[in-house]
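Here are the chains, one letter per residue:
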Amino acid sequence: SCVITFNISLTAVTKEIKALQLHDKPSAVGMIKEPLGMNGITLNIAITGETGSGKSTFVNAFRGVSDDDEGAAPTGVTECTMEVKEYFHPNYPNVKFWDLPGVGTPNFPSDTYLERVGFEKFDFFIIISAVRFKENDVKLEIQRMKKKFYFVRSKIDNDINAERRKRDFSAERTLTEIRDDCVKGLRGLGIESPQVFLVSSFELHLYHFSLLHETLDRDLPAHKRDALLCATPNINPEIIRKKKQPLSYYS
Ligand SMILES: Nc1nc2c(ncn2[C@@H]2O[C@H](COP(=O)(O)OP(=O)(O)O)[C@@H](O)[C@H]2O)c(=O)[nH]1
Ligand SMILES: [Mg+2]
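Worth saying up front: this structure is predicted, and the values here are computed from it rather than measured. (Residues numbered from 1 in each chain as written. Chains lettered and ligands numbered in written order. Predicted model: local features only at pLDDT ≥ 70, side-chain atom pairs only at ≥ 80, totals over all residues. Heavy atoms only, no water.)

Peer 1: Would you mind showing me how to read unusual backbone geometry here?
Peer 2: Excluding glycine, a negative phi dihedral is what most residues carry, and trans is how most peptide bonds are arranged. Within the chain, lysine 155 stands out as a residue other than glycine whose phi angle is a positive 55°. With respect to the element layout, lysine 155 can be found in the loop between β5 (148–153) and α6 (156–164). In this structure lysine 155 comes out as partly exposed when scored by relative accessible area, which is 31%. Despite not being glycine, tyrosine 207 shows a phi value in the positive range, around 60°. On the basis of relative accessible area, tyrosine 207 is assigned to the partly exposed category, the value being 24%. (Helix = DSSP H or I, 4+ residues; strand = E, 2+ residues; numbered from the N terminus. Buried < 20%, exposed > 50% of the residue type's maximum accessible area, 1.4 Å probe, protein only.)

Peer 1: Just to check I follow, could you spell out a negative patch on the surface for this structure?
Peer 2: Together, Asp67, Asp68, Asp69 and Glu70 make up a negatively charged patch on the protein surface. Among the secondary structure elements, aspartate 67 is positioned in the loop between α3 (55–63) and β2 (85–88). Residue aspartate 67 is classed as partly exposed on the basis of its relative accessible area of 32%. (Patch = residues over 30% accessible without salt bridge, like charges linked within 9 Å, V, L, I, M, F, W, Y side chains within 5 Å. Areas by Shrake-Rupley, 256 points an atom, 1.4 Å probe, with all protein chains shown as cover. Salt bridge = Lys/Arg side-chain N within 4 Å of Asp/Glu carboxyl O. Lys, Arg positive; Asp, Glu negative; His and termini not counted. Charge placed at Lys NZ, Arg CZ, Asp CG, Glu CD.)

As far as function goes, none of this settles anything; it's purely spatial.
Written out as structure tokens, the structure reads:
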């Protein structure tokens, strides 16, 4: 039986190497999982913020599914996130996105919010707002719970389009202004050094989504980085290049 076991694992490793040579990361990951024990590595991403801020749209965009795909988080002007709902990444079910109701909604008052949503399982929080961040956005005592959190200012495409009408329009300046304004507001609400990323879920390749990915990658423990990379859409050449390399944690 010793010989049989050895043969099986050798076959698995050979297949995995072939997949890596073919730059077929999904297959490679799938094959690495069992023989090398990647199974069990999970990534739980919490997405919170007011109703209508764009949480569900962000969850779908991150997972690379369209808003009207089967299994997509329902989005729209009248679709409110009222319950905690988890969405698996279609190719990497170990990566879960938790679409959370906003803080301070009737069923989720701020004082018991973190307990109610089960904060312990989350690797980090993304707090989304389509406008300046408000008190409820920072009421979470995530800081005290020693959890990482990042602010996403959503629907940046709308801001850019509105500003574009002005004669002296500069995308760069507009982005800097919005970001500075958010940082200033958050400082005023007691967050010392807030990390703010400007994102359009309709155009993840633009603005700060890449920067958000880099920051998450840097902050995560090594064994979780591959999971994040696999679950991130191919929005820039750097991400595609990284996906073609052997998985860092196991190489
Ligand atoms: N222009 C623009 N609209 C967005 C963006 N993200 C979400 N929306 C729209 O904002 C509305 C509310 O989004 P939804 O994801 O349902 O918000 P939620 O209640 O926080 O889950 C929907 O009509 C979305 O299409 C974005 O990045 N840009
Ligand atoms: Mg929603």
